[in-house]
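The lines below spell out each chain.
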Amino acid sequence: MSSDRLTQLQDLVISMAEQICNSTGILQKFAQPLPFDGSKSTASKNSNGVYDENLPKLYAQLLSQTAKDIDYLVQSLPTDEHGIEYQQSQQYRMLQQLEKDSDEATKRLESVVHHCEKALENVRYALHQISEAQLKAQAIDAEIDD
Amino acid sequence: MAANTEQQQQAVSALPLPPSFYENYTDENVKNHRAPPPPLPPSDQEGYSCFGMTFSQSNETPIVPPLESQNVERLHPESYEHKRELLKMNHSLLCAVLDLLHILASSADSPQRAQKLADIYLILIHMQHLINELRPVQARDALAAMMSRQVEATNNALSSVAKIINEVANIVNRSSSPQTTHVNGLTTTEEENELYESNSTDVNHHSLAYHNPLFENMDLF
């Protein structure tokens, strides 16, 4: 399920932080142990896995790609050059207008439905009258035939 | 005491329980009119609690608390544009990472390293904070979008009812005789019929339905 833009953006910032952490963590993992002062012996070499020559490139690519994605998402955000308070008052005004529109439309729909129901009643009544008239006409026809 | 522990519980839970008063509104209580009247909205002074945080009704407490209130140094000016600041911070973040790598490569045990780490931490906090500040904006926008969709749906319903009522009026008119007809008060004359027919494609205000006595008072569209 795709989430909204702000959540995507926050997720990207989190993965950016993770990538920063991991990319420096790699340094620690594969760093050459330093000799202690005065002694030539070094601690046993870190043997946690094999260092992959492509890792720096991979992390550089990952970080720049994430940064680019963040840039892209930020660019797609609406501008708020008049400040967030102005934007808020604009939004409140828009919501009030929409509420008014919605109320009006609902009222109109309600009365239209009400009048449609009345019209339906009228049509039903007319149909009823027509069928009664037809029955009467048939009866008259039958009388004439007799 | 019980209320206290309840509040504490709610404060620690990411998914707090609903307020306990809802238990008074069982089907049985509602049926027997024993359910209390709904609680009043909180007054301006009272404020309300949401996810363990207390908010006041006035606009003085923003939904997203400012960074200063969380003892975080503020990097951006008093008035700022979120978009611009976020872009700047994103770029600063990359630069800070490069700086950190440089420091690690050249002098890993210099105090600059801790400083750079703190910088990166601060920038990340700021980015999350700026995005969070946009959440209420997004929420209001989502609400507006939802409402305009509803208004659109209602208007669509209105115009389709108008269309149908016109079609019905057409059918009724076509089936009535060209001469003046009297069917229990439903009167149409030849003249009116012509008027209806000339307007038969118009589904707007001056539509058939508007003139047809069958559909009187239909000038609502």
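Residues numbered from 1 in each chain as written. Chains lettered and ligands numbered in written order. Predicted model: local features only at pLDDT ≥ 70, side-chain atom pairs only at ≥ 80, totals over all residues. Heavy atoms only, no water.

- Chain B carries the name Mediator of RNA polymerase II transcription subunit 7 in an unreviewed UniProt entry, which gives Dimorphilus gyrociliatus as its organism.
- The UniProt entry for chain B carries the following comment under Function (unreviewed entry): "Component of the Mediator complex, a coactivator involved in the regulated transcription of nearly all RNA polymerase II-dependent genes. Mediator functions as a bridge to convey information from gene-specific regulatory proteins to the basal RNA polymerase II transcription machinery." (UniProt positions renumbered as here; feature names shortened; annotations may be inferred.)

- Looking at an unreviewed UniProt entry, one finds chain A named Mediator of RNA polymerase II transcription subunit 21, with Dimorphilus gyrociliatus as its source organism.
- For chain A, the Subunit (unreviewed entry) comment in UniProt is given as "Component of the Mediator complex."

## Some points on the overall build of chain B
- Looking only at helices and strands, chain B has six helices and four strands in total.
- Overall, chain B shows an N-to-C arrangement of helices and strands of α-α-β-β-α-α-β-β-α-α.
- For chain B, restricting intrachain contacts to residue pairs at least 6 apart in sequence, the fraction spanning at least 24 positions comes to 48%.
- Surface summary for chain B: the accessible area is close to 14700 Å², and the carbon and sulfur share equals 56%. (Helix = DSSP H or I, 4+ residues; strand = E, 2+ residues; numbered from the N terminus. Contact = heavy atoms within 4.5 Å. Areas by Shrake-Rupley, 256 points an atom, 1.4 Å probe, with all protein chains shown as cover.)

## A closer look at the overall build of chain A
- From N to C terminus, chain A includes three helices and zero strands.
- A burial count over chain A gives 25% of its 146 residues as buried.
- In chain A, the proportion of contacts linking residues at least 24 apart, taken out of those at least 6 apart, comes to 62%. (Buried < 20%, exposed > 50% of the residue type's maximum accessible area, 1.4 Å probe, protein only.)

## A word on the packing of aromatic side chains
- A full pass over the atoms with the stated rule returns zero aromatic pairs over all chains.
- The cationic tip of Arg140(B) hangs over the ring face of Tyr92(A); the distance from NZ or CZ to the ring centre is 5.3 Å. (Phe/Tyr/Trp six-rings, centres within 6.5 Å; stacked < 30°, edge-to-face > 60°. Lys NZ or Arg CZ within 6 Å of the ring centre and 35° of its normal.)

## Points about the interface of chain B and chain A
- Counting from both sides, the interface comprises 47 residues of chain B and, opposite them, 49 residues of chain A.
- Counting the contacts that link chain B with chain A gives one salt bridge.
- One salt bridge in this structure joins Arg135(B) and Asp4(A), with 3.3 Å as the shortest N-O distance.
- Counting the contacts that link chain B with chain A gives 14 residue pairs in polar contact (both at pLDDT 80 or more).
- Among the elements of the structure, helix H3 (82–106) and helix H4 (111–175) of chain B are those that each provide at least two residues to the side of chain B that touches chain A.
- It is H4(B) that contributes the most residues to the side of chain B that touches chain A, 24 residues altogether.
- Grouping the amino acids of the side of chain B that touches chain A by side-chain chemistry returns 29 nonpolar, 11 polar and seven charged. (Salt bridge = Lys/Arg side-chain N within 4 Å of Asp/Glu carboxyl O. Polar contact = N/O pair within 3.5 Å; in protein donor to acceptor, adjacent residues only side chain to side chain. Nonpolar A, V, L, I, M, F, W, Y, C, P; charged D, E, K, R; others polar.)

## Focus: unusual backbone geometry
- Its identity is not glycine, yet His33(B) carries a phi of approximately 55°, on the positive side.
- The topology assignment puts His33(B) in the loop between helix H2 (27–31) and strand S1 (48–50).

## Here's the deal with the pattern of salt bridges
All names here are of chain B.
- All told, the structure shown has five salt bridges over all chains when counted by the stated rule.
- A salt bridge links Asp99 to Lys116; the shortest N-O distance between them is 3.3 Å. Remark: Lys116 occurs in helix H4 and Asp99 occurs in helix H3; sequence separation between them is 17 residues.
- Accessibility expressed as a relative area gives 35% for Asp99, which makes it partly exposed.
- Lys116 gets classed as buried once you look at its relative accessible area, which sits at 17%.

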